[in-house]
Amino acid sequence: MKPLLRWWLFVTIIIVITFAFTYFGLFLEVWDKDRTKLSFLIFFIFLATTMHCGRETLKVSNAIEGKKSKEEINNIDWRGKQELGWFISDLLLTIGMIGTVAGFLIMLAGAFAGVELTDQEAMKSVLERMSKGMSTALYTTLFGLICGGFLKIQYFSLSRATDLLIGPIEKD
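Figured I'd write up the structure that's included with this text. (Residues numbered from 1 in each chain as written. Predicted model: local features only at pLDDT ≥ 70, side-chain atom pairs only at ≥ 80, totals over all residues. Heavy atoms only, no water.)

1. Focus: the pattern of salt bridges
Inference 1: Enumeration according to the criterion identifies six salt bridges in this entry.
Inference 2: As a salt-bridge pair, K59 and E56 come within 3.3 Å of each other at their nearest N and O atoms. Note that K59 and E56 are positioned in helix 3 (residues 38-64) at a spacing of three residues, about one turn of the helix.
Inference 3: Here K59 falls in the partly exposed class, since its relative accessible area comes to 30%.
Inference 4: Residue E56 is classed as buried on the basis of its relative accessible area of 4%. (Salt bridge = Lys/Arg side-chain N within 4 Å of Asp/Glu carboxyl O. Helix = DSSP H or I, 4+ residues; strand = E, 2+ residues; numbered from the N terminus. Buried < 20%, exposed > 50% of the residue type's maximum accessible area, 1.4 Å probe, protein only.)

Okay, here's the thing in structure tokens:
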């Protein structure tokens, strides 16, 4: 399958998933539960980097189809801009883990301070606050893992297309 077509197919799947999330109200649920809003930061970085991958995939596809001369192909650093995508995919995982830690801090920070353990209403309030922190931790982890994984799939496909164009990286 042509690299650009493979990327476009993957983007179409991402669009369908995004519309499903919107239709079923999952984005509103995450907006309400993620107190740090890092899930949305992860998602927007993911969308921007997906567009970057598409632009790079278009360049590689055009070169494979012969729309660039051999001299032009040899003078371009094909893998240099792809490294950005690999870095950002790892960055999304890192942001997800930061959100996990932040969620646990929100969950545990002063949860039981000054609370009478025999008071049922006070315990209910404590559990509600704790659930918000746990939601933040889990949603940021989920977004980081999914978006980071989806980016890795896109950049793996781009790397394979680049290998077809200029050959695999020589190992010393």
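Back to the text.
2. A closer look at helix 5 (residues 80-108)
Inference 1: The terminal C-alpha atoms of helix 5 lie 43 Å apart, and with 29 residues this matches the ideal 42 Å at 1.5 Å per residue to within 8%.
Inference 2: Among the residues of helix 5, Q82, G85, I88, S89, L92, I95, G96, G99, T100, A102, G103 and M107 are the ones counted as buried.
Inference 3: Next to the buried residues of helix 5 lie helix 3 and helix 6 (120-166). (Expected span 1.5 Å × (residues − 1). Contact = heavy atoms within 4.5 Å.)

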